[in-house]
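These are the residues of each chain, in order.
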Amino acid sequence: MSRNSPYLAAALRLTLGAVAIVASMPLRAQVTPPPSPIPPTLEDTSYVIYGEGPISLPLGIGFRLPGYNRVDGAVLPWGPVISLARGRVRIDPTVAYRSHIGKVDPFMTMQFDVTPRTLLEIAGGRSTFTNDGWIRSDLVNSAAAIGVGSDSRNYFRADRGWVTLSQAVTRPGWVITPSVGALTEN
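Residues numbered from 1 in each chain as written. Predicted model: local features only at pLDDT ≥ 70, side-chain atom pairs only at ≥ 80, totals over all residues. Heavy atoms only, no water.

**Student:** Looking at this model, I keep getting lost on the side chain of Arg160. Mind explaining?
**Tutor:** Looking at the element boundaries, Arg160 is found in strand β8 (residues 155–167). The exposure class assigned to Arg160 is buried, which follows from its relative accessible area of 19%. Looking at Arg160, its side chain comes within polar contact range of the side chain of Glu185, at 2.5 Å. Once residues within four sequence positions are removed from consideration, Arg160 is found in contact with Phe107, Ala123, Gly124, Gly125, Phe129, Leu183, Thr184 and Glu185. (Helix = DSSP H or I, 4+ residues; strand = E, 2+ residues; numbered from the N terminus. Buried < 20%, exposed > 50% of the residue type's maximum accessible area, 1.4 Å probe, protein only. Polar contact = N/O pair within 3.5 Å; in protein donor to acceptor, adjacent residues only side chain to side chain. Contact = heavy atoms within 4.5 Å.)

See below:
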């Protein structure tokens, strides 16, 4: 025991020194705020909801639903969606690669919520258009063109731009959204 005495004495001195240092520190009391007139509500803190930033990428990488037609071949659109002013301004720029003609076409749509029921849309860009879109939807026409070689549309390439102002009229059980606009095409 005499062998450990110097070590025991040194450890005891260090411990007493640490207690003396801690005892000499000023104590800070936690001040409890005065009770609020509104009782606090219980909140679920088991998960956190994160808001999306102003820029999002569809499908996680920016690609949109691809299409196919006999003129363009495979159409692969890509672009981010930009949302500003708490979602009241949406900007949707895209570029679309067209495999048969080897072109990359830009297109942009901007939507502004003027009021909660009034929407202003401005769009423009270069693309391949058809006046026969009413015959089949894009998805059905793409499947028919790939599956059985039947494409019932006539196509043309153009630079196109438009502006549309629409106002939603709501009544119990129904909504009508009339609009007025202008379109220019080259």
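**Student:** Just to check I follow, could you spell out the pairing of strand β7 (residues 118–130) for this structure?
**Tutor:** Looking along a regular strand, one sees the side chains alternate between the two faces of the sheet. Where strand β6 (residues 103–115) meets β7, 8 bridges bridge the pair, whose relative direction is antiparallel. Within β7, the position partnered with Phe107 by the bridge is Gly125. In this antiparallel pair of consecutive strands, β6 and β7, the connection spans 2 residues. Both β7 and β8 contribute to a ladder of 13 bridges, which runs antiparallel. Paired with Phe129 across the bridge in β8 is Phe156. (Pairing = 2+ DSSP bridges.)

**Student:** I tried to follow the packing of aromatic side chains on my own but got confused; where do I start?
**Tutor:** For any pair of aromatic rings, the description rests on two quantities: the centre-to-centre distance and the angle between the ring planes. Evaluation of the coordinates by the stated rule reveals 2 aromatic pairs. Taking 6.2 Å as the distance between ring centres and 40 degrees as the angle between the ring planes, the aromatic pair formed by Phe129 and Phe156 counts as tilted. Of this pair, Phe129 sits in strand β7 while Phe156 sits in strand β8, and the two are 27 residues apart along the sequence. (Phe/Tyr/Trp six-rings, centres within 6.5 Å; stacked < 30°, edge-to-face > 60°.)

**Student:** How do you make sense of the side chain of Asp151 when you look at a structure like this?
**Tutor:** Relative to the helices and strands, Asp151 resides in the loop between α2 (138–147) and β8. Reaching out from Asp151, the side chain makes a polar contact with the backbone nitrogen of Arg70 at a distance of 3.0 Å. Within polar-contact distance, the side chain of Asp151 engages the side chain of Asn141 at 3.0 Å. Discounting chain neighbours no more than four positions away, the residues touching Asp151 are Asn69, Arg70, Arg136, Asn141 and Ala145.

**Student:** In this structure, what is going on with the layout of surface pockets? I would like to understand it.
**Tutor:** Empty space among the atoms can be located by rolling a probe the size of a water molecule over them. In this structure, the largest pocket encloses a volume near 880 Å³. Going through the elements one at a time, β2 (67–69), β3 (73–78), β5 (89–98), β6, β7, α2 and β8 are the ones with two or more residues in the lining of the largest pocket. The element that contributes the greatest number of residues to the lining of the largest pocket is β7, accounting for 5 residues. Residues that form the lining of the largest pocket fall into these classes: 11 nonpolar, 10 polar and 8 charged. (1 Å grid on protein atoms, 1.4 Å probe; cavity = no way out; pocket = protein on both sides within 12 Å on 5 of 7 lines; lining within 4 Å. Points joined across faces, edges and corners; volume = space filled by probe spheres on them. Nonpolar A, V, L, I, M, F, W, Y, C, P; charged D, E, K, R; others polar.)

**Student:** Could you clarify how one ought to interpret the environment of Gly87 in this entry?
**Tutor:** By secondary structure assignment, the location of Gly87 is in the loop between β4 (81–84) and β5. Under the relative-accessibility criterion, Gly87 is labelled partly exposed at 23%. Separated by 25 residues in the primary sequence, Gly87 and Phe112 have C-alpha atoms spaced 8.9 Å apart.

**Student:** Got a minute to help me understand the pairing of β8 in this structure?
**Tutor:** As defined by bridge partners, β8 adjoins strand β11 (residues 179–185) across 7 bridges and the pair is classed as antiparallel. The partner of Arg160 across the bridge, within β11, is Glu185.

**Student:** Help me out: how do you make sense of the pattern of salt bridges in this one?
**Tutor:** Two side chains carrying opposite charge are able to pair once their charged atoms lie near each other. Under the defined criterion, the tally for this structure stands at 9 salt bridges. Two residues, Arg98 and Asp105, come together in a salt bridge whose shortest N-O distance is 2.5 Å. As far as burial versus exposure is concerned, Arg98 and Asp105 are alike and both buried. Via salt bridges that share partners, Asp72, Arg98, Asp105 and Arg157 belong to a single interconnected network. (Salt bridge = Lys/Arg side-chain N within 4 Å of Asp/Glu carboxyl O.)

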